[in-house]
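Chain and residue survey
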Amino acid sequence: KDIDLSDMEWQPIKDFAGKLDGANFTISGLTINQPYMSNAGLFANLKSGATVENVSITEADIIAKDYIGLLAGQSDSANVTNVSVQGQIFAQNTADSYAGGLIGGVLDIAAGKRITLNNGRRTSKTIYSFIWKCLFRCLGLYLWVFLCL
């Protein structure tokens, strides 16, 4: 069954290490308005071995500090299959900010950890420029990161 979260502010699920099979249903209206929050998304972080599959997130709107993704703020070697996202992110741009359509950041990527993505379709794009990032960082302003179909 589809889930409509538009009448509430979502608190990200922390340390998810299980399996979510969304059975091709949609989660809509996911809203987070926490300008000082790190690890923002449906999940705060996906732990090693976590699996998320067969779900769509639409009409999401997230305002947070850093590590922001519509599915998860961070991931540590998760498996993501047949997941699509659509919405917008407003990230406070600091030296450690990471924001992405699906997942904001990957933990210990230098140590060879990675996210496995299967059968995903690109349903979002991130408008992000290194020049703008540097400019906004210097000015201490916020950076809009838009995600759209």
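The paragraphs below set out a description of the structure included in this document.

Criteria and cut-off values
- Think of each chain on its own: its residues are numbered from 1, step by step along the sequence as written.
- Under the rules for a predicted model, residues below a pLDDT of 70 receive no local features and side-chain atom pairs below 80 are neither given nor counted, while totals for whole chains, interfaces and linings still include all residues.
- Only hydrogens and water are set aside; all other atoms, that is, all heavy atoms of the structure, feed into the side-chain values.
- Joining through side-chain atoms within 4.5 Å is the link that ties buried Ala, Val, Leu, Ile, Met, Phe, Trp, Tyr and Cys residues into a set, and such a set is a nonpolar core.
- Type-normalised accessible area, obtained with a 1.4 Å probe on protein chains alone, sets the label of each residue: buried when under 20%, exposed when over 50%, and partly exposed for intermediate values.
- Here a strand is any run of E in DSSP of at least two residues, a helix any run of H or I of at least four, and the numbering for each starts at the N terminus.
- Note on contacts: a residue pair is in contact if any heavy atoms of the two residues lie within 4.5 Å.
- When DSSP locates at least two bridges between a pair of strands, those strands are taken to pair.
- Axis lines are fitted through C-alpha atoms, for helices just across the contact stretch, and the angle between N-to-C directions can take any value from 0 to 180 degrees.
- Each aromatic pair joins two rings of Phe, Tyr and Trp (for Trp, the six-membered one) with centres within 6.5 Å, and gets the label stacked for planes under 30 degrees apart, edge-to-face for over 60, and tilted for any other angle.

Moving on, we come to the nonpolar core. One finds Leu30, Leu42, Phe43, Leu46, Val52, Ile62 and Leu71 to be the most contacted residues of the largest nonpolar core, which totals 29 residues. Counting only elements with at least two residues in this core, the list comes to β5 (43-46), β6 (51-64) and β9 (79-92). When residues in this core are grouped by element, the largest group, six residues, is from β6. Ignoring anything within four residues of it in the chain, the contact list for Leu30 reads Leu5, Trp10, Leu42, Thr58, Glu59, Ala60, Asp61 and Ile62.

Hydrogen bonds between backbone atoms are what pair the strands of a sheet, whose relative direction is either parallel or antiparallel. With parallel pairing, the three strands of this open sheet are ordered in space as β5-β8-β11. Edge positions in the sheet fall to β5 and β11 (103-106), since each has one partner strand and no second. Direction aside, neighbouring strands of the sheet carry axes that sit 20 degrees apart on average. Where β5 lies against strand β8 (residues 72-75), three bridges are found, and the strand directions are parallel. Note that in β8 the partner of Asn45 across the bridge is Gln74.

Using the criterion set out here, one finds one aromatic pair in the structure. Each ring, one from Phe16 and one from Phe43, has its centre 4.6 Å from the other, and the planes form 35 degrees; the classification is tilted. Highlighted residues: Phe16 in the loop between β1 (3-4) and β2 (19-28) and Phe43 in strand β5, separated in sequence by 27 residues. Each member of the pair, Phe16 as well as Phe43, carries the same accessibility label: buried.

Residues other than glycine seldom take positive phi values, yet Ala23 does so here, at roughly 50 degrees. With respect to the secondary-structure elements, Ala23 resides in strand β2. Unlike most non-glycine residues, Glu59 shows phi in positive territory, near 55 degrees. For Glu59, the position within the fold is in strand β6.

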